[in-house]
Amino acid sequence: MRALFNARLGVTGGFSEVVGRVRAGQVGFDWRGWFLVGVILGGTVYALAAGGPLFHGYGWLTDTFHGDAQILIAPILLGAGVLIGFGAKLAGGCTSGNGLSGTAMLSPAALAATATFFGTAIVVSFLIEAVI
Amino acid sequence: MSARAAGLGVGLVFGVTLSWSGLASPEVIRDALLFKDSYLFLLFGSAVLVAAVGLALMRRAERRALLVDAQITCEPERPARRHLTGAAIFGLGWGIADACPGPIAVQVGQGIAWGLATFTGVVIGVYLFVRREEPETEPATDVPTARRARGRGTPAPSTR
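Quick summary incoming for the structure in this document. (Residues numbered from 1 in each chain as written. Chains lettered and ligands numbered in written order. Predicted model: local features only at pLDDT ≥ 70, side-chain atom pairs only at ≥ 80, totals over all residues. Heavy atoms only, no water.)

A separate point is the overall build of chain B. Within chain B, the regular secondary structure consists of 7 helices and 0 strands. Along chain B, from the amino end to the carboxyl end, the secondary structure elements read α-α-α-α-α-α-α. Taking all 160 residues of chain B together, the buried fraction comes to 44%. When contacts within chain B are restricted to residue pairs at least 6 apart in sequence, those whose partners lie at least 24 apart make up 49%. (Helix = DSSP H or I, 4+ residues; strand = E, 2+ residues; numbered from the N terminus. Buried < 20%, exposed > 50% of the residue type's maximum accessible area, 1.4 Å probe, protein only. Contact = heavy atoms within 4.5 Å.)

Rendered as structure tokens:
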């Protein structure tokens, strides 16, 4: 990515570009938007080649909520998504931008962010494990 | 090759890789975060290592970007409070959904309906951020950053 664009590769950048364009009422987006489209299509290509999606159900959420209670999963995931999107923007990148591209550059900000989000996610996972 | 086509191509490869490696599966992420499985950490570590070596070689060669007219630069950013708060918020969401933006997009592509809820959430989250703060913080928009870097004359004079 550096070699091609002198830019840091990150999926959040793609989300950002698409949201920005749609907000401005514009059609079409730059390479970051197309990168996101590529990631989505990559999933489709894999599902077609492998003859189906990677997994069924959704981790601890579908293990915990059964039957009618599964309706709760959608708002939980939606809320988690909001946190992910907002947090990634504030931190200047997500797992791919800060975690991969940033740490590989040995950027102190990215290292700090990566340590923080790994730490938080680990704590959250253990908390969920303790509760369910 | 246009920048858009390259973006699409790299995205495709990234999407297939994320699927193939199993990183788009919430089970895999959760097992890693609970230290039940070291796969994610090993994979992540090796990816960072490969990227670091590649970047170091590129920096050494002082190559120019292939698709945009700019010297390849790597400016390490100093950690600010927003990196930590943002990462903490992100980590909270990541720990709950067991998926981050790349895998979420991959899930949608694979036709996993739950992924749509998280995907919508990410769009809303990004929207809330952009609305709150017009100037972008995502360094992926490197055009202005690159310009700034050139203005300051940071990169050593090219030897080519």
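Quick look at the side chain of lysine 89 of chain A now. Residue and element names in this part refer to chain A. Inspection of the secondary structure assignment puts lysine 89 in helix 5 (residues 73-91). Owing to a relative accessible area of 1%, lysine 89 belongs among the buried residues under this scheme. Here serine 16 takes part through its side chain, which lies 2.7 Å from a polar atom of the side chain of lysine 89. (Polar contact = N/O pair within 3.5 Å; in protein donor to acceptor, adjacent residues only side chain to side chain.)

Once that is clear, we can look at the packing of aromatic side chains. Inspection of the entire model under this criterion finds 14 aromatic pairs over all chains. Considering the side-chain rings of phenylalanine 55 of chain A and tyrosine 58 of chain A, the 6.0 Å spacing of their centres and the 70° angle between planes classify their relative orientation as edge-to-face. For phenylalanine 55 of chain A, a relative accessible area of 9% corresponds to the buried category. Cluster of aromatic residues (ring-pair linked, three or more members): Phe117, Phe118 and Phe126 of chain A together with Phe35, Phe41, Phe44, Phe90 and Trp94 of chain B. (Phe/Tyr/Trp six-rings, centres within 6.5 Å; stacked < 30°, edge-to-face > 60°.)

Listed by partner, the interface residues are 102 residues for chain B and 91 residues for chain A. Between chain B and chain A, roughly 8700 Å² of surface is buried when both sides are summed, and carbon and sulfur atoms account for 75% of that area. Summed over the shared surface of chain B and chain A, the number is 12 residue pairs in polar contact (both at pLDDT 80 or more). Secondary structure elements with two or more residues in the side of chain B that touches chain A: helix 1 (3-20), helix 2 (26-33), helix 3 (39-61), helix 4 (81-97), helix 5 (101-110), helix 6 (113-132) and helix 7 (142-152) of chain B. (Buried area = accessible area lost by both parts, 1.4 Å probe.)

Residue and element names in this part refer to chain B. Although it is not a glycine, phenylalanine 35 adopts a positive phi angle of roughly 60°. Mapping phenylalanine 35 onto the fold places it in the loop between helix 2 and helix 3. For phenylalanine 35, a relative accessible area of 53% puts it in the exposed group. With a phi angle near 55°, aspartate 98 is a residue other than glycine that sits in the positive phi range. Residue position: aspartate 98 is located in the loop between helix 4 and helix 5. Residue classification places aspartate 98 among the buried positions, given a relative accessible area of 1%.

On the surface, Leu78 of chain A together with Ile124, Tyr127 and Leu128 of chain B cluster together to form a nonpolar patch covering roughly 280 Å² of accessible area. It is helix 6 of chain B that provides the largest number of residues to the nonpolar patch, a total of 3 residues. Note that tyrosine 127 of chain B resides in helix 6. Residue class for tyrosine 127 of chain B comes out partly exposed when judged on its relative accessible area of 32%. (Patch = residues over 30% accessible without salt bridge, like charges linked within 9 Å, V, L, I, M, F, W, Y side chains within 5 Å. Areas by Shrake-Rupley, 256 points an atom, 1.4 Å probe, with all protein chains shown as cover. Salt bridge = Lys/Arg side-chain N within 4 Å of Asp/Glu carboxyl O.)

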